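This is what each chain is made of:
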Amino acid sequence: MSENKVSHGKDWMIFLISTAVMCLLLWVAPAWFWVPLPFVLTYLTKAFGAL
């Protein structure tokens, strides 16, 4: 049997970008910081391989 190696580099990159966007929105328009929050949480779990 072969083991599939999954690269999570793209997931980490999307997580970091969405986290930066969330922090920027928290600084500029605090009422809108929740908009990128689903991306942050989804790609964090995908990067850890839990999803």
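Here, every reference points to the structure presented above.
Residues numbered from 1 in each chain as written. Predicted model: local features only at pLDDT ≥ 70, side-chain atom pairs only at ≥ 80, totals over all residues. Heavy atoms only, no water.

By the secondary structure assignment, Ser18 is in helix 1 (residues 9–28). Not counting the four nearest positions on each side in its chain, Ser18 is found in contact with Pro36, Phe39 and Val40. (Helix = DSSP H or I, 4+ residues; strand = E, 2+ residues; numbered from the N terminus. Contact = heavy atoms within 4.5 Å.)

Turning to helix 2 (residues 37–47), a few remarks are in order. When helix 2 is considered as a whole, its buried residues turn out to be Val40, Tyr43 and Ala47. Down the axis of helix 2, the smallest arc covering the buried residues is 85°, so these residues share one side. Considering only its buried residues, helix 2 is in contact with helix 1. Where helix 2 terminates, the next one or two residues include Gly49, which has phi positive at roughly 80°. (Buried < 20%, exposed > 50% of the residue type's maximum accessible area, 1.4 Å probe, protein only. Arc of directions from axis to C-beta.)

What follows concerns the packing of helix 1 against helix 2. Helix packing for two helices is described by the angle between their axes and how far apart those axes are. One way to put it is that helix 1 packs onto helix 2 with a least axis distance of 8 Å and a crossing angle of 155°. Classified by the angle between their axes, helix 1 and helix 2 sit roughly antiparallel to one another. For the pair helix 1 and helix 2, the crossing hand works out as left-handed. Mapping the contact onto sequence places Asp11, Trp12, Ile14, Phe15, Ser18, Thr19 and Met22 in helix 1 and Leu37, Phe39, Val40, Tyr43, Leu44, Lys46 and Ala47 in helix 2. (Axes fitted to C-alpha atoms, helices over the stretch in contact; angles between N-to-C directions. Parallel < 35°, antiparallel > 145°, perpendicular 65-115°, else oblique. Left-handed = near helix turned anticlockwise from the far one by under 90°.)

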